[in-house]
Each structure stands twice: as C-alpha cells, then as structure tokens.
Amino acid sequence: MDTSKPMILGNDIRLELYKMQLDLRYCEKRAYDLFLQNLIKGTSHLSLGQEAIAAGFGVAMRPDDYTFCTYRGHAHTLARGASMEGVLGELMGRQCGLLGGKGGSMHLTDVTKGAMGSYAIIGAHLPVAAGAAWSAQYRGTEQVAVCFFGDGTTNIGAFHEALNFSVIWKLPVVYVCENNLYMEYTPIRSVTAVDHPAADRASAYGLEKIVVDGNDADEVYHTAVKYMERARKGGGPALIECMTYRHSGHSRADPGAYRPKGELERWLERDPIKIYRERLLGLGIVEATLTDLEVESMRKVDVATETAKGSPVPSLDQIDKNVWADGSTAWRN
Amino acid sequence: MAELTYREAVAAGIAQEMRRDENVVFLGEDIGAAGGVFKATVGLFEEFGPRRIRDTPISEQAILGAAMGAAMTGLKPIAEIMFSDFLAVCWDLVANEIAKTRYMTDGQITLPLVIRTANGAGSRFGAQHSQSVENWAMAIPGIKVIAPAFPADVKGLIAAAIRDPDPVLVFEQKSLYAFKGEVPDGEHVEQIGKAKVLRHGTDCTIVALALMVHRALAAAEILEKEHGISCTVVDVRSLVPLDTVTILAEVAKTGRLVTIEENPRLCGWGAEIASIVADEIFWDLDGPIIRITTPHIPLPSADLLEDNTIPSVERVVREIREKID
Ligand SMILES: Cc1ncc(C[n+]2csc(CCOP(=O)(O)OP(=O)(O)O)c2C)c(N)n1
Ligand SMILES: [Mg+2]
C-alpha cells in the first residue's frame with residue numbers, strides 16, 4: 001500500500017480509531033499492573049504496541065461480523081465492544097468475567113459482540129474462522145470472519161490447510177497475520193523460509209501479497225475496509241500481514257532478554273498511539289479534544305477495575321455446569 | 001420395515017435429517033460425487049447437491065475446524081473423517097477445541113456437530129487403517145461418543161446425533177458396512193445414551209460394542225447350545241453418555257460381567273465399566289470381571305494374524321467357558 005498519500009478519512013473515524021487504541025492500551029496496561037499486584041494469576045499475553053491492528057479492524061467491522069483471535073486476544077475482544085469489566089474480571093477470575101472464570105485470559109469470548117473466541121493452540125482457529133465464513137456464505141448474510149494470528153502461526157499445518165480451503169470455497173474470511181517479529185522468543189526470520197512469513201506464502205494459495213504497517217491505524221483501517229468489503233461481496237479471502245512489535249515480553253514470565261539492544265527503543269518511537277496522536281494534532285484537531293479522550297478512557301478503565309475487583313469469585317457450583325447444551329456435565333445416567 | 005445394509009443406513013440417516021433441516025450440511029473427503037470411499041454416502045450428492053454436500057481437500061484440520069466454525073454460527077455440520085486413525089492428525093480440533101469450547105466459554109458457544117468416522121478392524125488394512133480408537137474419544141470430557149452395531153441403530157443414532165445440540169463422534173465399524181438388517185420405515189430416531197439388551201441369560205452378562213456385539217451374540221448362542229452357559233448380551237451403543245443404569249442392572253442379575261472390546265487393552269472402555277461395576281455392585285458379583293480385548297499391540301494385517309488379534313467368537317467362547325464354569 002502506498003503510505004505516502006494521506007488517507008482520506010473523516011475526523012470522526014479518526015477519533016474513533018484513537019479512542020479505541022487508547023481503550024486497548026490503558027486496559028492492557030491495567031492488566032499488567034494487576035499482575036504485579038498478584039490480582040491476576042496464570043499467564044497473560046499483552047498486545048501493548050499492537051493496538052492499531054485490533055483497532056483498525058475493530059472500527060471497520062460490522063457489528064455482526066466474526067472475530068477469531070489468539071491467546072493474545074484481550075485487545076481483539078475489547079475491540080468488538082466486549083466490556084472492560086468482563087475482560088478484567090475474567091483475567092482476575094471473578095464472577096463478572098466474560099466466561100465466569102472458566103476460560104481465563106487465553107480464551108476471552110463474547111459471542112453477543114461477534115468475538116467468537118480466543119484460541120490458545122497455535123493455528124487451530126484459522127480453520128474455525130473458515131467454518132464461520134462458510135456458514136455466513138451458506139446463510140447469505142454477507143458477514144465476514146476476521147482471523148488474527150501471529151507470525152509464528154504461519155509455520156503450522158492448520159495455517160496452510162485453512163488458506164487453501166478458504167480460497168477453493170471462496171469464503172468471506174480475512175486472515176490477519178500480526179508479524180511482531182518473534183514467535184515466543186525466537187526471531188521469526190530465523191525459522192522461516194521467506195522474509196514475510198504470511199505474505200510471501202500468499203501466492204501459493206492464489207492470493208495477492210499484502211504487507212501493511214501494522215502500527216498505522218489508518219492504513220490498517222483502510223486495508224480492513226477494502227478486503228472485508230471484497231469478501232462480503234463474494235470476492236473471497238485475503239491474507240494481510242501487518243508489521244508490528246510487542247512492547248512487552250511474550251507472556252507474563254518473559255522479560256524479552258533475547259531482543260537486540262536498541263530494537264525496543266526504535267519501535268517505541270513508532271508506538272502506534274504516539275504516531276496517531278501526532279497525526280491528529282497535525283490534522284488540526286485541538287489537543288484538548290485528545291486529552292479529554294485520554295482522561296475518559298483512563299476513567300473507564302478505573303471504573304471497570306473497581307467493578308471487577310468488587311465482583312465475587314465464581315461460586316463452586318459452577319464447576320459442574322455447562323459441559324453440555326442442557327447445562328449439565330453428566331456422562332452417565 | 002425395509003432391509004438395509006449398514007452403509008445404506010448411514011446415508012438414510014443423513015438424508016432423513018437433511019430433508020428435515022436446511023441447516024444440516026455435510027463435508028469430507030470424497031463423500032460427494034464419489035459417494036464415499038466406503039460407499040456409505042451414495043445418493044446424497046445427487047439429492048442435496050454441491051451446496052450442502054461438500055467435497056474437501058485432504059485437510060482434516062480444515063474439515064473439523066470448518067465444522068466447528070459452522071456449528072457455532074447456525075449450521076449443523078456433519079464432518080467425515082475417512083478412517084478413525086486419521087483423527088490423530090486433527091485431534092487438536094476434537095480434544096482441545098470442539099470438546100472444550102462450550103465449557104471454556106461458560107456456555108456461550110454450543111456446537112451441534114457430528115463427526116462420523118470408519119473405525120475398527122476386519123479389513124486387513126494394517127495398523128494405521130484398522131484401529132479401534134473409541135477409547136481415545138471416551139477419555140475427553142465434552143464430546144459424546146456412539147458406536148452402532150446394526151443398520152437400524154446406524155440410521156437412528158446418526159439422526160439423533162445430528163439433532164443433538166452437542167458434538168457427537170460416531171464410530172462406524174468398517175467391516176460391518178455390508179451387514180444387512182431391518183430398519184423401521186419412515187422417520188427413525190434413536191436415543192443417544194441408551195444401551196440395549198439383546199439377549200437375556202442367567203450365568204453372565206456380556207457387554208459389547210459395534211462389531212463385538214455380533215461376536216458376543218454368536219458366542220452366546222454357542223455357549224448356550226453347546227456348553228449350557230446362558231448369557232445376557234448388552235449392546236452399549238453409547239460410551240458417552242454411558243447407560244450405567246442398564247449395564248449395572250443386567251450385571252447384577254447374572255452376577256458376572258464380561259466385556260468384549262475391540263480397542264487395545266490399556267484404558268479400553270471396558271476398564272471404565274469394570275471400575276463402575278466394582279465400585280457400585282461389587283457385592284452382587286459372583287466372580288471376577290472378565291475383560292476380553294485386543295491385546296496391547298498395533299494391529300497386524302495378514303488375515304490369520306488380524307483374525308487372531310481382535311477378539312474372535314472362538315476366543316470369547318473359550319475364555320467364558322474357562323472362567324465361568
Ligand atoms: C501448537 C502449539 N505449539 C506451541 C505453542 C506454545 N506457544 C504459545 S504462543 C507461541 C508463539 C506464537 O507466536 P506467534 O504466532 O508469532 O504469535 P505471538 O505470540 O507473537 O502473538 C508458542 C510457540 C502453542 N500454544 N500451540
Ligand atoms: Mg509473533
């Protein structure tokens with residue numbers, strides 16, 4: 001995509017993109033703080049630095065579109081409108097959590113918002129997204145399924161099966177690879193045959209090579225609109241590689257010591273929220289407007305945190321509920 | 001009543017439900033235009049067309065993933081995995097995704113889907129195309145597991161599986177595909193989770209599944225006529241949910257339990273039944289529980305070797321005579 005030309009976007013959309021990125025950033029930072037306070041247990045994978053992708057797609061999607069994402073999915077779930085206290089509550093193992101404490105950080109889901117799940121086995125959700133797209137195509141609803149995954153995911157079989165399958169059935173699914181340069185700790189380039197782990201494989205499935213700046217919310221938004229609309233109108237799938245970087249380690253336990261010196265600092269210069277703020281100011285939006293959005297977003301996160309903290313832990317009778325559609329867990333009579 | 005083969009009953013069950021519900025769709029390798037490698041889906045493509053009967057590439061993860069994604073968004077997919085051995089290449093979808101999603105999402109996502117697969121020995125296909133893997137599936141919370149032995153059950157249980165709001169894994173025994181039996185006319189739906197008592201006896205209760213039900217019946221006949229041992233035969237039909245009420249009642253009546261299992265020995269389904277019987281009706285037993293299983297080896301291919309590996313009628317007769325007299 002030609003990034004030298006300014007995107008033609010209304011200020012309303014731009015402010016929405018900024019607001020969404022702020023919500024994702026502040027909520028994710030809060031999740032990190034709550035870890036440090038030992039209020040969030042288990043593992044957690046933050047997407048600090050990758051917000052422009054979730055926001056760009058989140059704003060572009062129709063309310064009835066489907067999102068499929070990974071264990072690094074807090075932002076994608078929030079970007080569909082899932083409540084912050086539902087997300088933070090789930091991370092804290094509270095009754096108000098989106099999954100009542102049964103799923104945890106890696107499985108955030110809010111079907112009412114089209115957030116069809118966060119999947120923690122690498123690659124598994126790519127064919128699942130294809131299935132949702134098949135269903136949309138079959139029912140003739142013009143819904144699109146958008147499936148987010150990392151660079152490391154391009155080396156597992158399910159990625160390749162899903163792409164071929166989606167293309168031959170011309171499914172309305174958009175695959176979004178968030179290339180943050182690392183799988184867990186290993187640089188993706190050192191374990192992949194091509195430079196662009198997703199985009200350089202696209203031609204094998206008859207798809208065009210698409211690489212975008214994943215730290216530029218406008219560019220992501222434009223790309224999202226373009227390929228989602230094409231998919232909606234029966235034009236079939238797309239595979240989009242978004243270049244980005246995670247500011248924190250892979251997961252809670254990871255200090256990120258494998259990164260070359262200076263790499264993080266360079267990417268912090270390209271922080272999606274920082275560059276977006278500068279762009280908005282450059283477009284003549286007054287600073288007070290932005291500050292108001294920032295204050296409001298922080299306030300929302302504070303309220304959600306307090307609500308989640310105040311929520312009781314799940315009651316023990318929930319353990320034996322909801323394996324089966326009738327609500328039970330019975331395996332015998 | 002019409003007489004159908006086991007394979008015809010598969011297609012009949014699917015067709016019955018596809019006529020009734022537009023949201024039922026079917027996908028798998030060679031299932032459509034070719035009618036299935038076991039010819040168990042002949043006629044469906046002609047009747048329902050390529051929109052609902054979809055041939056897929058050799059992509060088992062894509063097949064089950066697509067079924068799952070479709071099931072969570074309003075369809076009722078049936079996915080075929082050609083041989084049950086191949087479940088190993090898409091086991092993540094079965095064990096981690098399909099089985100667990102409803103619980104992990106606290107009920108937000110329900111998955112009304114069916115996985116059908118050809119299971120079991122008897123065709124001289126060797127260790128990667130003949131396994132009985134029902135015990136793998138039984139070990140995973142969140143998926144129902146059925147294995148019909150007769151054409152009527154094939155039709156009725158497949159229909160029930162399609163209507164079931166939860167994921168159901170159907171093991172069809174591939175060497176039974178040519179077996180003929182009466183199937184009720186008109187709409188036929190069985191209940192998942194019910195065992196069936198096929199023969200009443202007084203000396204022992206044989207509990208069996210799929211192909212082993214046929215061997216149990218043949219053995220019971222010989223034991224009765226030639227050796228004066230009278231056997232009850234229970235067709236388990238459904239491993240999950242398990243009809244422990246019927247099984248416990250029938251074992252309590254005779255005081256002896258014999259399981260006949262095609263799966264290899266360790267952690268076979270019969271071990272679970274043996275454990276339940278020992279826990280709950282130990283004092284009704286008159287002697288040790290007998291498990292007759294395939295030994296704990298990969299399956300050999302040659303006729304003679306395969307026939308002497310999975311439990312045969314002769315072996316069932318011999319073991320019951322030795323241990324029950
Ligand atoms: C099948 C499988 N293998 C390994 C893992 C362990 N694992 C969790 S995240 C991860 C790295 C994935 O990298 P990438 O796809 O680039 O996503 P990112 O974490 O960078 O967002 C690995 C190896 C897993 N969850 N599933
Ligand atoms: Mg990565």
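Predicted model only: the values in this text are computed from it and were never measured.

**Q** So what exactly am I meant to see when it comes to the overall build of chain A here?
**A** Of regular secondary structure, chain A possesses 10 helices and 6 strands. Taken over the C-alpha trace, chain A has a radius of gyration of 20 Å; the compact-globule value for 333 residues is 20 Å, and the two agree within 12%. Taken along the three principal axes of its C-alpha coordinates, chain A extends 60 × 50 × 40 Å. Burial statistics for chain A: of 333 residues in total, 58% are counted as buried. Here the contacts in chain A between residues at least 6 apart in sequence split such that 73% fall between residues at least 24 apart. Surface exposure of chain A reaches about 12,800 Å², of which carbon and sulfur atoms provide 56%.

**Q** It is not clear to me how the overall build of chain B should be interpreted in this structure. Could you clarify?
**A** Each helix and strand in chain B was counted, giving 12 helices and 14 strands. Along the first, second and third principal axes, the C-alpha atoms of chain B reach 60 × 40 × 40 Å. For chain B, the proportion of its 325 residues judged to be buried stands at 65%. Within chain B, counting contacts between residues at least 6 apart in sequence, those at least 24 apart form 82% of the total. Accessible surface computed for chain B: about 11,300 Å², of which carbon and sulfur atoms make up 54%. Counting 31 positive and 46 negative side-chain charges, chain B places the averaged centre of each group 2 Å from the other.

**Q** Whenever I open this one, the site of ligand 1 confuses me. Can you help?
**A** Residue and element names in this part refer to chain A. Near ligand 1 lie 15 residues; those nearest to it are Tyr-71, Arg-72, Ala-120, Gly-152 and Thr-153. At 3.0 Å, a side-chain N or O of Asn-180 approaches an oxygen atom of ligand 1. Against a free-state accessible area of 580 Å², the protein chains account for coverage of 75% of ligand 1. Of the residues contributing to the shell around ligand 1, the split by class is 7 nonpolar, 5 polar and 3 charged.

**Q** Got a minute to help me understand the packing of helix H6 (residues 157-168) of chain A against helix H3 (residues 60-71) of chain B in this structure?
**A** A packed helix pair is summarised by two numbers, namely the angle formed by the two axes and the spacing between the axes. Contact geometry for H6(A) and H3(B): axes closest at 8 Å, N-to-C directions at 70°. For the element pair H6(A) / H3(B), the angle class is roughly perpendicular. Considering how the two elements wind past one another, H6(A) and H3(B) form a crossing that is right-handed. Within the contact between the two elements, H6(A) uses Gly157(A), Ala158(A), Glu161(A) and Phe165(A) and H3(B) uses Glu60(B), Gln61(B), Ala62(B) and Ala66(B).

**Q** Looking at this structure, I do not really get the sheet that holds strand S11 (residues 231-235) of chain B. What am I missing?
**A** In a beta sheet, neighbouring strands are held together by backbone hydrogen bonds and run either parallel or antiparallel to one another. Residues and elements named next belong to chain B. Strand order in the open sheet made by the 5 strands is S9-S11-S10-S13-S14, with mixed pairing throughout. This sheet does not close on itself; its edge strands, each paired only once, are strand S9 (196-199) and strand S14 (290-294). When strand polarity is set aside, the average angle formed by the axes of neighbouring strands in this sheet is 25°. Taken strand by strand, helix H9 (residues 244-254) contacts S9, strand S10 (204-208), S11 and strand S13 (257-264), and its axis lies near 150° from that of S10. Running over the sheet, helix H12 (residues 313-324) touches S10, S13 and S14 and is turned about 155° from S14.

**Q** Help me understand the environment of Arg215(B) in this model?
**A** Here Arg215(B) shows up in helix H8 (residues 211-227). Each C-alpha atom, one on Arg215(B) and one on Pro241(B), is 23 Å from the other, the two residues being 26 residues apart in sequence.

**Q** For this particular structure, what's the right way to read the domain arrangement of chain B?
**A** Size of an interface, as often reported, equals the accessible area lost when the parts are brought together. All names here are of chain B. Looking at chain B, the domain boundaries give domain 1 (2-183) and domain 2 (196-324). For domain 1 and domain 2, the distance between their C-alpha centres works out to 26 Å. Counting from both sides, the interface comprises 28 residues of domain 1 and, opposite them, 29 residues of domain 2. Per-residue buried area on domain 1 facing domain 2 is highest for Arg-124, Asn-135 and Met-138; these three make up 29% of the total on that side.

**Q** I would appreciate a short explanation of the confidence of the model for chain B in the present structure.
**A** Residue-level pLDDT values for chain B average 98, and 100% of them are 70 or greater. Under the prediction, the complex receives an ipTM of 0.97, its pTM being 0.98.

**Q** Even after reading the chapter, I still don't get the pairing of strand S5 (residues 114-119) of chain B, so can you show me in this structure?
**A** It is a general feature of regular strands that their side chains alternate between the two faces of the sheet. All names here are of chain B. Counting buried positions along S5 yields 6 of 6 residues, so the element is predominantly enclosed. A two-sided burial pattern is seen for S5, the buried positions comprising Val-114, Arg-116 and Ala-118 on one face and Ile-115, Thr-117 and Asn-119 on the other. As judged from the 5 bridges shared by strand S4 (residues 76-83) and S5, these two strands associate in the parallel manner. Bridging across to S5, Phe-83 finds its partner in Ala-118. Across 6 bridges, S5 lies against strand S7 (residues 168-173) in parallel orientation.

**Q** Can you help me understand the coordination of the magnesium ion (ligand 2) in this one?
**A** Note on metal sites: the ideal angle is 109.5 degrees for four tetrahedral donors, and 90 or 180 degrees for six octahedral donors. All names here are of chain A. Summarising the metal site, the magnesium ion (ligand 2) is bound by the protein donors Asp-151 (OD), Asn-180 (OD1) and Tyr-182 (O), whose distances to it range over 2.0 to 2.3 Å. Taken in sequence order, the residues that donate to the magnesium ion (ligand 2) follow the motif D-x28-N-x1-Y. One end of the pair, Asp-151, is in the loop between strand S3 (145-150) and H6; the other, Asn-180, is in the loop between strand S4 (173-179) and strand S5 (211-213), with 29 residues separating them in the sequence. Neither Asp-151 nor Asn-180 differs from the other in exposure class; each is buried.

**Q** Hey, could you run me through the interface of chain B and chain A in this one?
**A** In this assembly, 53 residues from chain B lie in contact with 41 residues from chain A. Roughly 4,000 Å² is buried in total at the junction of chain B and chain A, and carbon and sulfur atoms are behind 60% of that figure. Inspection of the region where chain B meets chain A yields 2 salt bridges. The shortest N-O distance in the salt bridge between Glu280(B) and Arg332(A) comes to 2.6 Å. There are 27 residue pairs in polar contact (both at pLDDT 80 or more) connecting chain B and chain A. Counting residues per element, the side of chain B that touches chain A draws most heavily on H3(B), which supplies 8 residues.

Conventions adopted
- Residues numbered from 1 in each chain as written.
- Chains lettered and ligands numbered in written order.
- Predicted model: local features only at pLDDT ≥ 70, side-chain atom pairs only at ≥ 80, totals over all residues.
- Heavy atoms only, no water.
- Helix = DSSP H or I, 4+ residues; strand = E, 2+ residues; numbered from the N terminus.
- Rg over C-alpha atoms; globule rule 2.2 N^0.38 Å.
- Buried < 20%, exposed > 50% of the residue type's maximum accessible area, 1.4 Å probe, protein only.
- Contact = heavy atoms within 4.5 Å.
- Areas by Shrake-Rupley, 256 points an atom, 1.4 Å probe, with all protein chains shown as cover.
- Lys, Arg positive; Asp, Glu negative; His and termini not counted.
- Charge placed at Lys NZ, Arg CZ, Asp CG, Glu CD.
- Near = heavy atom within 4 Å.
- Polar contact = N/O pair within 3.5 Å; in protein donor to acceptor, adjacent residues only side chain to side chain.
- Nonpolar A, V, L, I, M, F, W, Y, C, P; charged D, E, K, R; others polar.
- Axes fitted to C-alpha atoms, helices over the stretch in contact; angles between N-to-C directions.
- Parallel < 35°, antiparallel > 145°, perpendicular 65-115°, else oblique.
- Left-handed = near helix turned anticlockwise from the far one by under 90°.
- Pairing = 2+ DSSP bridges.
- Domains from an automatic or database assignment.
- Buried area = accessible area lost by both parts, 1.4 Å probe.
- pLDDT = per-residue confidence, 0-100.
- Donors = N, O, S within 2.8 Å, 3.2 Å for Na, K, Ca; no water.
- Salt bridge = Lys/Arg side-chain N within 4 Å of Asp/Glu carboxyl O.

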